[in-house]
Structure formats: structure tokens, C-alpha cells
Amino acid sequence: MKFLNTCLFVGAGYVGVEMSQAMRRFGSKGDVNRPQRAAESKEDPDVCEALGSLLADEGIDILLNARIKQVSGKSGDSVSVVVEQNGIEKVLKGSHLLVATGRNPNTEELGLELNRR
């Protein structure tokens, strides 16, 4: 099968997994980086294992316990991501990069504590 492009996904939460699956079904090749082990996930280990198997069956590669060391290039053109997994460095190359590592609310300076009733 010829792939339209290769998408690299940083983060394997809900957004990263759903986007990688959608892009794969559109004809892209995808690699997903999950910085922690499945056992450290917010989900039960059996759920993580089943999801990993499902994604692998669809041709999506998931790198568990991989730490990103360097990102270079331009998304939409050519991107390289250097990861270290179990002491071994790997270079992932793709055409696009999606960073889906979560978010933290930026509410400290809104004065929300002043609006209590």
C-alpha cells in the first residue's frame, strides 16, 4: 500500500489515538509516541493492551516509554523526531507532526477566587 504521507503523533491520550486512527484510515502511515509505560496510563492495563493491539492491527506503531530528544523540520513538509526508547535512539521521519500531550488551564491570573458566592 502506498501511503499519502507519514504522520508522527506525540502523545497517546484520547486525541492522539483518535487522530492517528483517523489519519491511518485516510491513507497515512502513523507512529505514536507515548512517553510513559502503559501501566502508568490513566486507563486500566487491560484496556491499554487491547487498544494497543487494535491500533497495531490497523498498522499504527506505538512507541511506549520513549523520550523525545529532538524535533526538527517543518510540519507539512518534512519532520524528524529523535526518540530514546529503552536506551536506544531512533529517528522517526514523517511529513506531519501532531503534538497531543494534553493541556493545563491558564487560569491563575483570572481572579476566579474573587467570584465565589
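For the structure, check the block above.
Residues numbered from 1 in each chain as written. Predicted model: local features only at pLDDT ≥ 70, side-chain atom pairs only at ≥ 80, totals over all residues. Heavy atoms only, no water.

Along the chain, the position of Phe9 falls in strand 1 (residues 6-10). According to the relative accessible area criterion, Phe9 is buried, its value standing at 3%. C-alpha separation for the pair Phe9 and Thr101, spaced 92 residues apart in sequence, amounts to 9.3 Å. Here Phe9 is in contact with Gly16, Met19, Ser20, Met23, Asp31, Val32, Asn33 and Leu98, once residues within four sequence places are set aside. (Helix = DSSP H or I, 4+ residues; strand = E, 2+ residues; numbered from the N terminus. Buried < 20%, exposed > 50% of the residue type's maximum accessible area, 1.4 Å probe, protein only. Contact = heavy atoms within 4.5 Å.)

All right, on to helix 2 (residues 45-57) then. Across its 13 residues, helix 2 extends 18 Å between first and last C-alpha, which sits within 8% of the 18 Å expected from 1.5 Å per residue. Two residues or fewer after helix 2 comes Gly59, characterised by a positive phi angle close to 90 degrees. (Expected span 1.5 Å × (residues − 1).)

Attention now moves to the side chain of Arg24. Within the secondary structure layout, Arg24 lies in helix 1 (residues 14-25). A polar contact of 2.8 Å, which involves the side chain of Arg24, links it to the backbone oxygen of Glu58. (Polar contact = N/O pair within 3.5 Å; in protein donor to acceptor, adjacent residues only side chain to side chain.)

Paired through backbone hydrogen bonds, the strands of a sheet run either parallel or antiparallel to each other. Strand order in the open sheet formed by three strands is 4-5-6, and the pairing between neighbours is antiparallel. Each edge of the sheet is formed by a strand with only one pairing partner; in this case those strands are strand 4 (66-74) and strand 6 (88-94). Pairs of neighbouring strands in the sheet enclose a mean axial angle of 15 degrees, with direction left out of account. (Pairing = 2+ DSSP bridges. Axes fitted to C-alpha atoms, helices over the stretch in contact; angles between N-to-C directions.)

On to empty space enclosed by the protein, then. Scanning the model with the defined rule gives one cavity of 30 Å³ or more in all. Quantified by volume, the largest cavity comes out at close to 40 Å³. Forming the boundary of the largest cavity are Leu8, Phe9, Val10, Asp31, Val32, Asn33, Ile68, Val81, Val83, Leu92 and Leu97. Across the lining of the largest cavity, the residue classes break down as nine nonpolar, one polar and one charged. (1 Å grid on protein atoms, 1.4 Å probe; cavity = no way out; pocket = protein on both sides within 12 Å on 5 of 7 lines; lining within 4 Å. Points joined across faces, edges and corners; volume = space filled by probe spheres on them. Nonpolar A, V, L, I, M, F, W, Y, C, P; charged D, E, K, R; others polar.)

A word on helix 1. Owing to its 3.6 residues per turn, the α-helix aligns residues three or four sequence positions apart on the same side. Compared with an ideal rise of 1.5 Å per residue, which puts 12 residues at 16 Å, helix 1 spans 17 Å between its outermost C-alpha atoms and is within 8% of the ideal. Turning to helix 1, its buried residues are Gly16, Val17, Ser20, Gln21 and Arg24. When helix 1 is viewed along its axis, its buried side chains cluster within an angular range of 125 degrees and face the same direction. Turned more than 90 degrees away from the buried face of helix 1 sit Tyr14, Val15, Glu18 and Arg25, all of them exposed. (Arc of directions from axis to C-beta.)

Note that every value here comes from positions in space, so none of it alone points to a role or purpose.
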